[in-house]
Amino acid sequence: MLTWINEKAKWVIVIFAAGIVVGLLAMDRVPKTAQSYPMGIVNDKKISYAEFDSRVKMIVQNQYQGQHLEDEQYAQLRSEVLRSFVRQILMTEQYEKAGLAASVAEIKSEFKRNPDAIRGRLVQEAQARLYAIQQQATSQEDLMQRSQAYIASLPKFLVDSTFNKDEFDAWLETPEAFRWNMMLRYEEELNTSIIPSRQLQALVGASVHPTTLEANWSAERRLTDFDFDIAYVSASDFAVADSTVDEASVKGYFNAHVDSFFVEKDMAKFQYVKLPVEATAGDDARIREYAMTLYYQLSDTSSTANFEDMARISSEDPGSAENGGMLDQEAGRGVFVPEFEKAALALDSGAISEPVKSQFGYHIIKSYGKSTDSTGAVSAKVGHILLMVTASSETIDSLEQILAGVKSDVDAGLKDFATAAKERNLEVVESNWISHNENIAELGYLKGLATYAWPNENLPDDESVVAPILKNNKWVVAAMKVGDIKAGDREYSLFAKDIKANLASKKASAAAAAYLNTVVDKVKAYVAPADSADSAAVAAAAIEKVTVESKSASVDGFIPGFGYANANVAKVLNGQKIGEWGPVVETEQGAVMVKVTAKKAPEAEALKTAASEEVANSSRFTAMTLFNEFVGKIEAGTPVENNLDLFYKD
């Protein structure tokens, strides 16, 4: 291996230097002058870059543990972390406004109620201390002495195999308990966040007082079962194409319900052209040349190159690279693609193949021996080094140059976007409306699109009309914003498609209801054949496009023609006289008629139990719902200066 590095020293240095540059670019940081700005400002309170960056790193370390995160994952993580800071600031303001604080008794109670959480934190701190002792030890003997002395000083409940709750409670009353950093941090969390949040939730939900009468009504409604006959017609049999709904009807509906169509977030629409990121014949040739270089190195008897080490360094198959290229399954059993299996089975034990091309790239295969089973089938234990054929930087650069021509023509005012694209045989596509954290459906995440579409006011104005050339692992893109909607606007074009589909659906349901009204007498006279196996009898009794069934359900159950737990079911079932067909009712799924044949009330004891649970659940869940709405409204109603794009080009 060292020989190979010496032979290729110049290229190793170049690749290493390029890796550093790519790494710095991947960090995607704006020059440090931007760090004089806060990451965000909420009610005049600043979120510092240092605090923000520390929290992001902590989450990456604790939750992802060395996993590679894609650009989109990092963008989402940063957005969520900023939101966590915003919520923290807003909640602290609410605690202060309401005079909420944790008492000593509440904190002590919380400690005693959560021994497992505390023990977990103590173990982490103890392990960190033992690691520090290991680093500071001057000898093995010194390490053993200091480690044993430290372990002996730990609380007994922490080192015993059986946890003693009484010992834990007694330890909490001693000064030693709060000489642990994690205990001080946990106490701070309880004092400033966890307990005040619980108090605020109780305060917000204090108005929730469900009565026994309400609980009885709700439980009885839910537990009452109905036996009924139902005739229903599906709207799908009268489907209406969206195109049959005229523009005037759509606009009329929008104007009549305009307050139902306000926009919650800033949104934008784009025109764009794209070029696929695909490897060229030249890229294929370069990868094969590199694969041959590795093969010659491994085949050179004077070289110290080792297949397993080379696989760990060079293979792009993550499943086998860390195992020195060794594959879990044997070749010859149809698991691998034919060209791979053919080459693998042709090798003698210990032999290494020349690069073999498959749909996955180039494989350098090593055989670890063949075996033959009782049927005579031959298989081989193998490892491989996979080099995938991907578009090179030169190929991607050439794609970018094509789209850069579109951008320069438009930015210079020489041509409009469509003309500049057409001259280069590129198709212009118009995107869907997207908000800051959404993607253009066809393209996926494009780093830098949001920064272009919603530029930070602290950045200098960019006179470019077209976005900087954007790319991901599938596309290189030139895009131009052609539409803008501000949060709070009522925008017809954003909702027109959905309104049209809704009106078409209503037309279909109305047609189904009109049809069912024409066959009401047949429905009322319908008698199901006694022998359902008699297909002739069933066919003779059938009413075209109408299904008649006998069912048993509560108002929360599934009922054909209505669906599951439909809001109209209770009104329909409770509104019918027993033994009589009711009128035709139009639903989202079509139209129905119902005849209730029996109504079964719940037993008194079951009703009493259900009503008691209803009171408890209503208090708990309604209070939680109110609290979440309370917090959500505070967040939605608070202006936040978001400066993420000063630091990261998302």
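See the structure above.
Here's a quick rundown of the structure. Because the structure is a prediction, the values reported are computed rather than measured. (Residues numbered from 1 in each chain as written. Predicted model: local features only at pLDDT ≥ 70, side-chain atom pairs only at ≥ 80, totals over all residues. Heavy atoms only, no water.)

Another aspect to go through is the overall build of the chain. Of regular secondary structure, the chain possesses 25 helices and 17 strands. Each principal axis of the C-alpha atoms in the chain carries an extent, and together these give about 95 × 75 × 75 Å. Buried residues in the chain amount to 38% of all 650 residues. Considering only contacts in the chain between residues 6 or more positions apart, those separated by 24 or more positions represent 72%. By element, 53% of the accessible surface of the chain is carried by carbon and sulfur atoms, the whole surface being about 37600 Å². (Helix = DSSP H or I, 4+ residues; strand = E, 2+ residues; numbered from the N terminus. Buried < 20%, exposed > 50% of the residue type's maximum accessible area, 1.4 Å probe, protein only. Contact = heavy atoms within 4.5 Å. Areas by Shrake-Rupley, 256 points an atom, 1.4 Å probe, with all protein chains shown as cover.)

Let's shift gears to the sheet that holds strand β3 (residues 225–234). Strand order in the open sheet formed by four strands is β12-β3-β16-β15, with antiparallel pairing between adjacent strands. The sheet is open, and its two edges are formed by β12 (547–553) and β15 (585–587), each paired on a single side. The sheet shows a mean angle of 35° between the axes of neighbouring strands, taken without regard to direction. As judged from the seven bridges shared by β3 and β12, these two strands associate in the antiparallel manner. Across the sheet, the residue bridging to D229 is S550, located in β12. Strands in contact with helix α20 (residues 492–518) are β3, β15 and β16 (590–600); relative to β16, the strand with the most contacts, it is inclined by about 60°. (Pairing = 2+ DSSP bridges. Axes fitted to C-alpha atoms, helices over the stretch in contact; angles between N-to-C directions.)

Quick look at the layout of surface pockets now. Computed from the structure, the second largest pocket encloses a volume of approximately 1700 Å³. If you go around the second largest pocket, you meet 44 residues; those closest to its centre are S79, K265, H436, N437 and N642. Looking at the lining of the second largest pocket, the elements that each hand over two or more residues are α4 (71–98), β9 (434–435), α19 (449–453), β11 (475–485), α24 (604–636), β17 (640–642) and α25 (644–647). Grouping the amino acids of the lining of the second largest pocket by side-chain chemistry returns 17 nonpolar, twelve polar and 15 charged. (1 Å grid on protein atoms, 1.4 Å probe; cavity = no way out; pocket = protein on both sides within 12 Å on 5 of 7 lines; lining within 4 Å. Points joined across faces, edges and corners; volume = space filled by probe spheres on them. Nonpolar A, V, L, I, M, F, W, Y, C, P; charged D, E, K, R; others polar.)

Of note, N43 is a non-glycine position whose phi angle comes to about 50°, a positive value. Mapped onto the fold, N43 is located in the loop between β1 (40–42) and β2 (45–47). Located in the positive-phi region is N425, a residue other than glycine, with phi close to 60°. Mapped onto the elements of the fold, N425 is located in the loop between α18 (417–422) and β8 (429–430). Note on N425: relative accessible area 74%, which makes it exposed.

Our next topic: the sheet that holds β2. Here three strands make up an open sheet; going across it, the order is β2-β1-β17 and the pairing antiparallel. Of all the strands in the sheet, the pair left with one neighbour each is β2 and β17. Geometrically, the sheet is characterised by an average inter-axis angle of 15° between neighbouring strands, direction not taken into account. In the sheet, β1 pairs with β17 via three bridges, with the strands oriented antiparallel. Pairing of I41 across the sheet is with E641, part of β17.

Across soluble globular proteins, nonpolar side chains show a tendency to be buried alongside one another. Grouped together as the largest cluster of nonpolar side chains are 34 residues, with contacts concentrated most on F270, L449 and V477. Secondary structure elements with two or more residues in this core: β4 (267–276), α17 (393–411), α18, α19 and β11. No other element matches β11, which puts six residues into this core. If we skip the residues at most four places from it in the chain, V477 touches Y272, V273, K274, L403, L443, L446, P468, I469 and L470. Judged by nonpolar contacts, the second largest core, of 28 residues, contains M39, V60, L646 and F647. (Core = buried A, V, L, I, M, F, W, Y, C linked by side-chain atoms within 4.5 Å.)

Mapped onto the elements, E330 comes out in the loop between α15 (318–321) and α16 (338–345). There is a polar contact of 3.2 Å between the side chain of E330 and the side chain of R333. At 2.6 Å, the side chain of E330 forms a polar contact with the side chain of S379. (Polar contact = N/O pair within 3.5 Å; in protein donor to acceptor, adjacent residues only side chain to side chain.)

Both β3 and β16 contribute to a ladder of ten bridges, which runs antiparallel. Looking at β16, one finds that I230 is bridged to V594. The pairing of β15 with β16 spans three bridges and is antiparallel. Directly across from V585, in β16, lies its bridge partner V592.

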